[in-house]
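# Observations on the three-dimensional arrangement
This is what each chain is made of:
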Amino acid sequence: MTLTDATVAVVIPAYKAEKLIGEAVRSVLAQTYPDWEIWVVADDGEDYEDLLGRAGLADNRFHFLSSGRVGAGASRARNLALDRIQTPYVAILDADDRMKPRKLELAVAALAASSPIVSSALEVMDAGYNRLRLVGDGPDRVLSPGGYKFVNLSMDSMIVWDRRRCDARYDLNLTNMTDLELLMQLWRTAATVHHLGTPQHDYIKLPSSMSNGEGVTERMIASKKALLERLEKGQYRFAAPDAAEGLIAFLGLSLAAEAAYPLALKETPGLLFENHLEPMLRAYEAQVLAD
């Protein structure tokens, strides 16, 4: 496969996404960068082409696939699209999230100029699109894999990457943390990430995706432990020398935060996991600098 143009394929897995996917698609239509295509992968038997069409959302750049199953998982749905697309650049967009208008423009410019992966600061919102907090905001910067999670402490599906310099598929054996695991595969050949410090992505926290939602905490902890074990066994051979050390430190701190979160939530109802975790990350960084 020869990839020569500058098209971005935006991959949107869709499971019971009827109420929110329109917002995600509109956010791509509103991009200042025009050279994109959308790949919607139904994982629930829904005809999203018809659903979006009835909402007035139709474009010859839209592509529709189906997993042929119900609830096979976002990883399988994304992989179906990744096996089909013929573009050099890929962006991931969850069906309940949105891109800000300049995201693809800025990401493509950064990909052309520097790193093969671009991440973005987030505006974290509730289901009514009210801001809860920002994550990773600040100056644009180039991050090493070892320092990446200390900036992007929440959500990793906002990335855009150049498939000519790094590529991977989602791990079907993990229930959670699959976005971070994909990055860990990409880091085998990509030594840096260009981070956009001005939020270019709206991360919508639905009740079902909260860290304290039913069954989510247990699956998150199991996946974090699985990734930590892989790192400690040297399963990933990273291009950057500090990658494993930084990721091991982050996952250890995140697991400690998971253990303390139930009590913290009782003391501060509604506490976001990000607000609980971040002070632990900053204390660790301060200690490393002091040493």
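In this report, the structure presented in the accompanying data block is examined. Predicted model only: the values in this text are computed from it and were never measured.

Alternating residues of strand β4 (residues 89–92) divide into Tyr 89 and Ala 91 and Val 90 and Ile 92, and every residue in both groups is buried. Bridge analysis of strand β1 (residues 8–14) against β4 gives four bridges, and the strand direction is parallel. From the neighbouring strand, Val 11 faces β4, where its bridge partner is Ile 92. Relative to strand β9 (residues 160–162), β4 runs antiparallel, the two being bridged by three bridges. From the neighbouring strand, Val 90 faces β9, where its bridge partner is Trp 161.

Bringing the environment of Val 41 into the picture now. Positionally, Val 41 belongs in strand β2 (residues 36–42). In this structure Val 41 comes out as buried when scored by relative accessible area, which is 0%. The spatial distance from the C-alpha of Val 41 to the C-alpha of Gly 68 is 9.7 Å, given a sequence separation of 27 residues. With near-sequence residues (within four places) excluded, Val 41 lies in contact with Ile 12, Pro 13, Ala 14, Leu 65, Ser 66, Ser 67, Ala 77, Leu 80 and Ala 81.

Let us look at the pattern of salt bridges. One pass over the structure, following the stated rule, counts 24 salt bridges. A salt bridge links Lys 100 to Asp 202; the nearest nitrogen and oxygen atoms lie 2.7 Å apart. With Lys 100 in the loop between β5 (98–99) and α4 (103–113) and Asp 202 in strand β10 (residues 193–204), this pair connects stretches of sequence that are 102 residues apart. Each member of the pair Lys 100 and Asp 202 is classed as buried. Put simply, Glu 23, Arg 98, Lys 100, Glu 123, Arg 131 and Asp 202 are held in one network by salt bridges that share partners.

The terminal C-alpha atoms of helix α7 (residues 216–232) lie 24 Å apart, and with 17 residues this matches the ideal 24 Å at 1.5 Å per residue to within 8%. On its buried side, α7 packs onto α6 (178–186), α8 (243–267) and α9 (273–290). Residue Gly 234 follows α7 closely and has a positive phi angle near 70°.

Looking now at the pairing of strand β7 (residues 131–135). Taken together, the four bridges between strand β6 (residues 117–125) and β7 define a ladder with antiparallel strand orientation. Following the sheet pairing, Glu 123 is matched in β7 by Leu 134. Two successive antiparallel strands, β6 and β7, enclose a turn made up of five residues, where Tyr 129 displays a positive phi of approximately 65°.

Time to look at the packing of aromatic side chains. For the structure on display, the rule yields seven aromatic pairs. When the centroid spacing of 5.4 Å and the interplanar angle of 70° are considered together, the rings of Tyr 148 and Trp 187 count as edge-to-face. A residue pair is termed long-range when its members are at least 10 positions apart, and Tyr 148 in helix α5 (residues 145–151) and Trp 187 in the loop between α6 and β10 qualify at 39 residues. Each member of the pair, Tyr 148 together with Trp 187, is buried. Ring geometry for Phe 150 against Tyr 284: centres 5.6 Å apart, planes inclined by 20°, an arrangement best described as stacked. Here the residue Phe 150 occupies a position in helix α5, and Tyr 284 occupies one in helix α9, the gap between them amounting to 134 residues. Relative accessible area serves as the criterion here: at 6%, Phe 150 is assigned to the buried category. Note on Tyr 284: relative accessible area 31%, which makes it partly exposed. One aromatic cluster is present, built from ring pairs that chain together Trp 36, Phe 62 and Phe 64. The positively charged end of Arg 61 is found above the aromatic ring belonging to Trp 36, 3.7 Å away from the centroid.

Axis separation between α6 and α7 bottoms out at 11 Å; the angle between their running directions is 20°. Overall, the two elements α6 and α7 adopt an arrangement that is roughly parallel. The two elements α6 and α7 cross, and the hand of that crossing is left-handed. Taken together, the residues of α7 that come into contact with α6 (itself represented by Leu 180, Glu 181 and Met 184) are Leu 227, Arg 230 and Leu 231. When the residues that make up the contact of α6 with α7 are grouped by side-chain class, the tally is four nonpolar, no polar and two charged.

So, how was this worked out
Residues numbered from 1 in each chain as written. Predicted model: local features only at pLDDT ≥ 70, side-chain atom pairs only at ≥ 80, totals over all residues. Heavy atoms only, no water. Buried < 20%, exposed > 50% of the residue type's maximum accessible area, 1.4 Å probe, protein only. Helix = DSSP H or I, 4+ residues; strand = E, 2+ residues; numbered from the N terminus. Pairing = 2+ DSSP bridges. Contact = heavy atoms within 4.5 Å. Salt bridge = Lys/Arg side-chain N within 4 Å of Asp/Glu carboxyl O. Expected span 1.5 Å × (residues − 1). Phe/Tyr/Trp six-rings, centres within 6.5 Å; stacked < 30°, edge-to-face > 60°. Lys NZ or Arg CZ within 6 Å of the ring centre and 35° of its normal. Axes fitted to C-alpha atoms, helices over the stretch in contact; angles between N-to-C directions. Parallel < 35°, antiparallel > 145°, perpendicular 65-115°, else oblique. Left-handed = near helix turned anticlockwise from the far one by under 90°. Nonpolar A, V, L, I, M, F, W, Y, C, P; charged D, E, K, R; others polar.

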